[in-house]
Amino acid sequence: MRKILFIAAMGVFSFMAIHVSEAPFAKDASEWQYEVLSPWAEVDPIPPRGISPRVDTLAGKNIGLFVNMKRAAKPIRAYVDKKLKERFPDCQTSYFDAPSQKYLAENQEKYAAWAKEVDAVITMVGD
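Residues numbered from 1 in each chain as written. Predicted model: local features only at pLDDT ≥ 70, side-chain atom pairs only at ≥ 80, totals over all residues. Heavy atoms only, no water.

### Comments concerning the confidence of the model for the protein
Point 1. Here the protein averages 79 in pLDDT, and 76% of its residues register 70 or above.
Point 2. Low pLDDT, under 50, characterises residues 1-15; the stretch is placed with 32 contacts to residues that sit more than four places away or in other chains. (pLDDT = per-residue confidence, 0-100. Contact = heavy atoms within 4.5 Å.)

Below, the structure is given as structure tokens:
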């Protein structure tokens, strides 16, 4: 019995595997049997929720400045903080640094508490 496995790219990151097996004593390809395997798992859908509403102004607000682990993120934060305070002198800023993905995963409660204290968050990605 002859078996062939095809992998076909569909979209950017999904793949489809097709398992082709020749029926016993098949004389030509018209007697082959195809089994299509889907890469998508059966999951419970997460109900969609809207994004948080935008603040109407940054004046008088507490703005969170989130920094990831990239080297340029902290200088970007310093520049954004300076420009925010020039444009909105009465706004306050609060920092949260995530030096690694592991740190963020281990400190989710600390991050959630910080996020509740601020009116809006600006994220610095130092790439």
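Having seen the structure, we can now continue with the description.
### Looking at the pattern of salt bridges
Point 1. Tallied over the full model, the rule gives 5 salt bridges.
Point 2. D97 is the salt-bridge partner of R77, the closest N and O atoms lying 2.4 Å from each other. Taken together, the residues R77 in helix α1 (residues 73-87) and D97 in strand β5 (residues 92-97) connect sequence positions 20 residues apart.
Point 3. Residue class for D97 comes out partly exposed when judged on its relative accessible area of 28%.
Point 4. One salt bridge in this structure joins K85 and D81, with 3.6 Å as the shortest N-O distance. Of this pair, K85 and D81 both sit in helix α1, separated by 4 residues, roughly a single helical turn.
Point 5. Residue D81 is classed as buried on the basis of its relative accessible area, which comes to 8%.
Point 6. Through salt bridges with shared partners, a single ionic network connects K74, R77 and D97. (Salt bridge = Lys/Arg side-chain N within 4 Å of Asp/Glu carboxyl O. Helix = DSSP H or I, 4+ residues; strand = E, 2+ residues; numbered from the N terminus. Buried < 20%, exposed > 50% of the residue type's maximum accessible area, 1.4 Å probe, protein only.)

### Re the packing of aromatic side chains
Point 1. Throughout the structure, instances matching the rule amount to 6 aromatic pairs.
Point 2. On the numbers, 6.0 Å between centres and 5° between planes, the contact of F66 with F96 is stacked. Of this pair, F66 sits in strand β4 (residues 62-67) while F96 sits in strand β5, placing them 30 residues apart in sequence.
Point 3. Overall, the relative accessible area of 10% leaves F66 in the buried class.
Point 4. Ring centres of F96 and Y103 lie 6.4 Å apart, and the angle between their planes is 45°; on these two criteria the pair is classed as tilted.
Point 5. For Y103, a relative accessible area of 24% corresponds to the partly exposed category.
Point 6. Through pairs of rings, three or more aromatic residues link up here, namely F66, F96, Y103, Y111 and W114.
Point 7. Above the face of the Y95 ring, R77 is positioned so that its terminal group lies 3.9 Å from the ring centre. (Phe/Tyr/Trp six-rings, centres within 6.5 Å; stacked < 30°, edge-to-face > 60°. Lys NZ or Arg CZ within 6 Å of the ring centre and 35° of its normal.)

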